[in-house]
Amino acid sequence: MIVELSLKQKTATLACITAAACGLSLAIGPRMLPQTLLTAVTLYLLSGERPTLLFATVRTLPRDINAAWVFLRLSLVLHRYEKRKMTVVRRFEEVAARNPSKVALLMDDQRFTFDEVRRLSDRVACHFRSKGFSRGDTVALLMETRCEYPCVWLGLAKLGVVTALINTNLRRETLRHSIAVANSKAIIVSEELAGAIAEIIDQDGIKGLPIFVYGSDQSSEQTKFDQLPEAENLRQALDGVQCDEDLSTIWRDISPRDKLVYIYTSGTTGMPKAAVITNSRFIMMGTGVYYMLALRDDDIIYNSLPLYHSAGGMVGIGSVLLCGLTAALRKKFSASNFFADCIKYNCTVAQYIGEICRFVLTTPAKPTDTQHQVRMMFGNGLRPQIWTQFASRFNIKQIGEFYGSTEGNSNLMNLDNTVGAVGFVPAFARTFYPVTLVRCEEETGEIIRNSDGFCIRCKPGEAGVFIGKIEMKKALNSYVGYADKKASEKKVLRDVFAKGDMFFNSGDILVTDLFGYYYFKDRTGDTFRWRGENVATSEVEGVITNIVGLKDCAVYGVDIPGTEGKAGMAAIVDTAGKLDLVQLGAGIRGSLPAYARPLFIRVLSELPMTTTFKLKKRDLQLDGYNLEKVKDAIYYLQGDGSYRRFEQADFEVVSSGKGKF
């Protein structure tokens, strides 16, 4: 896009470019320094601009030169992969051939070398090929974290089969929907989760699907699983597979733009959505972290995140399969064992989401806090308020905070340890990596357009919605979206700065400063984040309404001091005073995962509405759980899943940031 600039803007831009050249001349040799410096000052004086622009350019020059070098290396690697039509399977086969005896995955007493991962994935491919599965089919995978997890979907990928990575917390209708929306032709489930599938076995989209249960070491070949008697014991079947055929004749025909897996996201409303992860996107994410953070080939990454998530299953596992690193896995995150595990496995790098850091920080101080070898942690959601304290207590030299959505085309990464920042984009890079912030209504997240119908870019210090330009011919900027095309289209902004252009709408509000650093501020719309998960309010509202049989219910997120994200609060209309809190608590426990259960229940006679009968959730959010504002009864979620009256003493504990959640 060509933009007409005023004389001031042109000369100011030239001044910045010359300042950059000045810095480069220092790096290369001082001979041209006087000339370039004189030119920069002259152009700056002609521009009439305030000194902040020039100051920011010079101030960030070392950072930007380093970023340019890192970005160039990554771009060259991705370009080479693109020319070779690289897929995840093809790249993994190269890594495994180079390091067959190196340990790829660690968990408890298990050790999987790269060759063992390759051989198990081959057996998976051969077995499902014998069952008639082929390129383009989808298989749902509901399995808790274990070393075999990536081997299963990698084996299916060797056939071109897409794996839907199902959230293990889902139950009943949300679980059924997640499997059905991906058009799954079979289900693989680990033995401990078989009961969740048994609950929906006769429902639409599930009934009649072949089911493969991955049993325990103790399961015999004749084992019949009580809850799923017709299912095949996949573990035993794989042990008996003899895979002698050359699978490369199949996977070499797979395209980088072919679907690899589905990773689910709550989106802005409704049921979980299946985000399409192609081979090229998986490679970009997994390889990107390796190069951007300058990871080492001998690094061991501690990954206690669930493998159905993009952070744990794509970024973390991608570093193993694509770059040859080692990952130490844990079935379920434990704050007290976090650094003890890092010591046990000799980890040098660890992953996090914001809540992990907060939970670890609340554990009592002990010698293992600094006896580990972890030099770097990377992830997203680390609150600026605890950033320095966390890094200091646990002696973490570098924090690689990043920002991005599973389905999006725009990502940011903090390369220089700037506290609180999710990344930066140098001024010179905006042409190559076109992301920006645009103005929006703070309460609704609705994009604001000018009189010509175009979006308005935010100035430094002004919060706005983060968007990224969609360019389908470039792997870095392409956008595939969800399995549901209508849901994909809702995330696309058109005619943003020019007629015909397209941008991905992240739905997140960020703010940037003069130096190009980005800081996360909030989420737009009705989705909020709690315990590292996105919670769709409409989904929770639907569940609660079905349980209590009441007409009006509003769910929203409220801030709690000392915690990351927003806690759920439900306002329920009960004019007759017949709300059964015991029934409500039991229904919520049976229908919603822990992170989606409202922490607070507010019971009131009517919900505030506009003249067009739209709920005023903003008013409810402002009231929150503040007993000085709210005269209605408020109830508080207990550890056993029940609700009891929220009293003044509870309010004082929660509002002081001393509550435990």
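Provided above is the structure to which this section pertains.
Cut-off values and rules
- Residues numbered from 1 in each chain as written.
- Predicted model: local features only at pLDDT ≥ 70, side-chain atom pairs only at ≥ 80, totals over all residues.
- Heavy atoms only, no water.
- Helix = DSSP H or I, 4+ residues; strand = E, 2+ residues; numbered from the N terminus.
- Buried < 20%, exposed > 50% of the residue type's maximum accessible area, 1.4 Å probe, protein only.
- Contact = heavy atoms within 4.5 Å.
- Areas by Shrake-Rupley, 256 points an atom, 1.4 Å probe, with all protein chains shown as cover.
- Right-handed = clockwise from strand over helix to strand, strands pointing away.
- Pairing = 2+ DSSP bridges.
- Disulfide = S-S within 2.5 Å.
- Arc of directions from axis to C-beta.
- Axes fitted to C-alpha atoms, helices over the stretch in contact; angles between N-to-C directions.
- Salt bridge = Lys/Arg side-chain N within 4 Å of Asp/Glu carboxyl O.
- Core = buried A, V, L, I, M, F, W, Y, C linked by side-chain atoms within 4.5 Å.
- Phe/Tyr/Trp six-rings, centres within 6.5 Å; stacked < 30°, edge-to-face > 60°.
- Left-handed = near helix turned anticlockwise from the far one by under 90°.
- Nonpolar A, V, L, I, M, F, W, Y, C, P; charged D, E, K, R; others polar.
- Polar contact = N/O pair within 3.5 Å; in protein donor to acceptor, adjacent residues only side chain to side chain.

A.B. asks: Which residues make up the overall build of the protein, and what are the values?
C.D. replies: In terms of regular secondary structure, the protein is built from 21 helices and 28 strands. Here the protein holds 661 residues, and the buried ones make up 55% of them. Once local pairs closer than 6 in sequence are excluded, the contacts in the protein between residues at least 24 apart make up 68%. Approximately 29600 Å² of the protein is accessible, and the part contributed by carbon and sulfur atoms is 52%.

A.B. asks: Describe the pairing of strand β26 (residues 600-604), listing the residues and the values that go with them.
C.D. replies: If a strand is regular, its side chains alternate between the two faces of the sheet. The buried count for β26 comes to five of five residues, which makes it a mostly enclosed element. Following the backbone out of strand β25 (residues 567-573), through helix α19 (residues 581-591) and into the adjacent parallel β26, one traces a crossover that is right-handed. One ladder, built from four bridges, connects β26 with strand β27 (residues 633-637); its direction is antiparallel. Bridge pairing in β27 places Phe 600 opposite Tyr 636.

A.B. asks: Which residues make up the state of the cysteines, and what are the values?
C.D. replies: Evaluation of the coordinates by the stated rule reveals one disulfide. Here Cys 126 is linked by a disulfide to Cys 243, with a sulfur-sulfur distance of 1.7 Å. Pair noted here: Cys 126 is in helix α6 (residues 114-130) and Cys 243 is in the loop between α10 (234-239) and α11 (248-251), with a separation of 117 residues, a long-range link. Look at Cys 126 and you get buried, because its relative accessible area is 9%. By relative accessible area, which is 24% here, Cys 243 ends up partly exposed. Sulfur of Cys 440: no disulfide; nearest cysteine sulfur belongs to Cys 458 and is 7.0 Å away. Relative accessible area serves as the criterion here: at 14%, Cys 458 is assigned to the buried category.

A.B. asks: Account for helix α16 (residues 384-393), with residues named and values stated.
C.D. replies: All of the buried residues in α16 are Ile 386, Trp 387, Phe 390 and Ala 391. Each buried residue of α16 lies within a common arc of 130 degrees when the element is viewed along its axis, so the set occupies one face. More than 90 degrees from the buried face of α16, the exposed residues found are Gln 385, Thr 388 and Ser 392. Lining the buried residues of α16 we find α14 (338-344), α15 (354-361), β13 (376-380) and β14 (398-404). The positive-phi residue at the C-terminal boundary of α16 is Asn 395, with phi of around 55 degrees.

A.B. asks: I'd like a description of the sheet that holds strand β9 (residues 273-278), backed by residues and values.
C.D. replies: The strand order across the open sheet formed by seven strands is β7-β6-β5-β3-β4-β8-β9, and the pairing between neighbours is mixed. In this open sheet, the two edge strands, each paired with only one partner strand, are β7 (232-233) and β9. Bridge count for strand β8 (residues 259-265) against β9 is six bridges, and the pairing is antiparallel. Across the sheet, Tyr 264 pairs through a bridge with Ala 274, a residue of β9. Relative to β9, helix α12 (residues 279-292) is tilted by about 80 degrees, and along the sheet it contacts β8 and β9.

A.B. asks: Account for the sheet that holds strand β1 (residues 103-107), with residues named and values stated.
C.D. replies: The strand order β2-β1-β11-β10-β12-β13-β14-β15 describes an open sheet built from eight strands, whose pairing is mixed. The open sheet terminates on both sides in strands that have one partner only, identified here as β2 (110-113) and β15 (411-413). Averaged over all neighbouring strand pairs, the angle between strand axes comes to 20 degrees, with direction disregarded. Of the pairings in the sheet, the one linking strand β10 (residues 300-303) to strand β11 (residues 326-329) comprises four bridges and is parallel in character. Residue Ile 301 lies in a different strand from β11, and its bridge partner there is Ala 327. Against the sheet, α15 contacts β12 (349-353) and β13, and its axis sits at roughly 105 degrees relative to β12.

A.B. asks: Report on the pattern of salt bridges, specifying residues and quantitative values.
C.D. replies: The full count for this structure, using the stated rule, is 26 salt bridges. Asp 115 is paired through a salt bridge with Arg 118; the nearest N and O atoms lie 2.8 Å apart. With Asp 115 and Arg 118 both in helix α6, this residue pair falls three residues apart, about one helical turn. Classification of Asp 115 by relative accessible area gives partly exposed; the value is 22%.

A.B. asks: I'd like a rundown of the nonpolar core, residues and numbers included.
C.D. replies: If you look at the biggest cluster of nonpolar residues, it comprises 83 residues, and the most contacted ones within it are Leu 105, Phe 128, Trp 153, Ile 188 and Leu 295. The residues contacting Ile 188, other than those within four sequence positions of it, are Phe 128, Val 139, Ala 140, Leu 141, Leu 142, Met 143, Val 152, Leu 156, Phe 212 and Leu 234. If you look at the next biggest cluster of nonpolar residues, it comprises 73 residues, including Leu 193, Ile 197, Ala 231 and Val 654.

A.B. asks: Hey, could you go over the packing of aromatic side chains for me, with residue numbers and the actual values?
C.D. replies: Overall, the coordinates contain 22 aromatic pairs when judged by the stated rule. Arranged with centres 5.0 Å apart and planes meeting at 75 degrees, the rings of Phe 338 and Phe 339 form a pair that is edge-to-face. With respect to class, Phe 338 is no different from Phe 339; both count as buried. On the numbers, 5.7 Å between centres and 70 degrees between planes, the contact of Phe 424 with Tyr 517 is edge-to-face.

A.B. asks: Can you break down the packing of helix α5 (residues 88-98) against helix α7 (residues 148-157) residue by residue, with the values?
C.D. replies: Contact pair α5 / α7: the axes reach a minimum separation of 9 Å and the direction vectors enclose 115 degrees. Seen from above, α5 lies across α7 with left-handed handedness. On α7, the residues touching Val 88, Val 89 and Phe 92 of α5 are Trp 153, Leu 154 and Ala 157. Here the residues of the contact of α5 with α7 sort into six nonpolar, no polar and no charged.

A.B. asks: I'd like a description of the side chain of Asn 167, backed by residues and values.
C.D. replies: With respect to the helices and strands, the residue Asn 167 is situated in the loop between β4 (162-165) and α8 (172-181). A polar atom in the side chain of Asn 167 sits 3.1 Å from the side chain of Tyr 308. A polar contact of 3.5 Å, which involves the side chain of Asn 167, links it to the side chain of Tyr 595. Once residues lying within four places of it in the same chain are set aside, the contact partners of Asn 167 are Leu 142, Tyr 308, Glu 533 and Tyr 595.

A.B. asks: Kindly report on the environment of Thr 265, identifying the contributing residues and their values.
C.D. replies: Assignment of secondary structure puts Thr 265 in strand β8. In this structure, the C-alpha to C-alpha distance between Thr 265 and Tyr 482, residues 217 residues apart in sequence, is 9.3 Å. What Thr 265 contacts, discounting residues up to four positions off in sequence, is Pro 272, Lys 273, Ala 275, Glu 407, Tyr 482 and Asn 534.

A.B. asks: Provide a residue-level description of unusual backbone geometry, including the pertinent values.
C.D. replies: With phi around 55 degrees, Arg 172 is a residue other than glycine that occupies positive phi space. With respect to the helices, strands and loops of the structure, Arg 172 is situated in helix α8. At Asn 417, a residue that is not glycine, the phi angle is positive and equals roughly 70 degrees. Position of Asn 417 relative to the elements: it lies in the loop between β15 and β16 (423-424).

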